[in-house]
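Overview (structure and organization)
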Amino acid sequence: MDKIMIKDLVVFANHGVYEEEAVLGQKFEISAIMETDIRKPGLTDTLDDTINYGEVSAEITRFLPKNRYKLIEACAENLCDHLLSIYYPTLRKITLTIKKPWAPVHLPLDTVAVEITRGWHTAFIALGSNMGDKEAYLQFAVDELKKNPRMKEVTPSSFISTDPYGYTEQDSFLNGVCMVKTTLTPDEVLDECHRIEQAANRVRLIHWGPRTLDLDVLFYDQDIIASPTLNVPHPDMKNRDFVLKPMAEIAPWWLHPIYKKTMKQMLDELMNQ
């Protein structure tokens, strides 16, 4: 990926744990490595086709004095979120370094610093409901995802009616999938799904049982995640037409990182069994 770099931009701001840092302020040095595609501006020679590093520098200079953080870790996190949001979708990833050369540690040092890398990721979230106004519950989930400032391009599939899976003594389901761009981590995406489920009065009484709203993280980029709380890609996806059909609708080209097959290929295989 191409990169645009800003190195050691000096900003005077009031970040720090100690009261004198908040009152007196101090110097910070900011460096940013911004990952973007500069092929188009390289060919057009047009400023509007690229990230204007002068504007980014001015935005950093506005943001840091305007806000107040005790930790430069928090300062870096929030500045990354801010820049990724306002320069979306051109800015895909940013590595931000914040140096604090006047850190009050009372020892001979050049500087202390933090460096973090943040960026936009592609996630797919399965939607399901088989209680009450099913379509309204799925639309509620889509609307809640759209409200999250750390999610962009929330793209839902069509909603399809399917027979219950696993526990079959229940009403039919309405299912769909949402593709989102997000700066959230996988666990944070899962937390957001749980928050939306709770807002829809989700109750977990029976495994695979009736529910007002069910949200599952299907994919997060091409990552393979196995933890006590999250398994990505969803392990039983290959057997679920109610997942593969909406996936093949909105992202037929998406490659499963384990099976190395596209969603369309996996759906075709399932339908031909």
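Computed from a predicted structure; not experimentally measured.

Helix and strand counts for the chain come out as eight helices and eleven strands. Along the first, second and third principal axes, the C-alpha atoms of the chain reach 70 × 50 × 30 Å. In the chain, buried positions account for 46% of the 273 residues. Long-range contacts, defined here as pairs at least 24 residues apart, represent 64% of the contacts in the chain between residues at least 6 apart. Working note: accessible area of the chain is about 14,400 Å², and carbon and sulfur atoms make up 53% of it. For the chain, the distance from the average site of its 30 positive side-chain charges to the average site of its 40 negative ones is 1 Å.

Glancing now at the nonpolar core. If you look at the biggest cluster of nonpolar residues, it comprises 31 residues, and the most contacted ones within it are Ile30, Met34, Ile60, Leu64, Ile94, Leu96 and Ile98. The greatest single-element share of this core, amounting to seven residues, is contributed by helix α4 (residues 72-86). If sequence neighbours within four positions are ignored, Ile94 has contacts with Ala32, Ile33, Met34, Cys80, Leu83, Leu84, Ile116, Thr117 and Arg118. One finds Leu145, Val189, Cys193 and Tyr220 within the second-largest nonpolar core, a separate group that totals 25 residues.

All right, on to a nonpolar patch on the surface then. Taken together, the side chains of Val17, Tyr18 and Leu71 make up a nonpolar region of the molecular surface, amounting to roughly 290 Å² of accessible area. Checked against the element boundaries, Tyr18 lands in the loop between β1 (2-13) and α1 (19-24). Residue class for Tyr18 comes out partly exposed when judged on its relative accessible area of 45%.

Each strand in a sheet pairs with another by means of backbone hydrogen bonds, the pair being arranged parallel or else antiparallel. Taking strand neighbours across the sheet as the criterion, the four strands line up as β1-β2-β3-β4 in an open arrangement whose pairing is antiparallel. Where the open sheet ends on each side, the last strands, each with one partner, are β1 and β4 (112-119). When strand polarity is set aside, the average angle formed by the axes of neighbouring strands in this sheet is 15°. Both β1 and strand β2 (residues 26-36) contribute to a ladder of ten bridges, which runs antiparallel. Residue pairing in the sheet places Met5 in a bridge with Ile33 of β2. Contacts from helix α3 (residues 53-66) reach β1 and β2 within the one sheet, and its direction differs from that of β1 by about 35°.

What counts and how
Residues numbered from 1 in each chain as written. Predicted model: local features only at pLDDT ≥ 70, side-chain atom pairs only at ≥ 80, totals over all residues. Heavy atoms only, no water. Helix = DSSP H or I, 4+ residues; strand = E, 2+ residues; numbered from the N terminus. Buried < 20%, exposed > 50% of the residue type's maximum accessible area, 1.4 Å probe, protein only. Contact = heavy atoms within 4.5 Å. Areas by Shrake-Rupley, 256 points an atom, 1.4 Å probe, with all protein chains shown as cover. Lys, Arg positive; Asp, Glu negative; His and termini not counted. Charge placed at Lys NZ, Arg CZ, Asp CG, Glu CD. Core = buried A, V, L, I, M, F, W, Y, C linked by side-chain atoms within 4.5 Å. Patch = residues over 30% accessible without salt bridge, like charges linked within 9 Å, V, L, I, M, F, W, Y side chains within 5 Å. Salt bridge = Lys/Arg side-chain N within 4 Å of Asp/Glu carboxyl O. Pairing = 2+ DSSP bridges. Axes fitted to C-alpha atoms, helices over the stretch in contact; angles between N-to-C directions.

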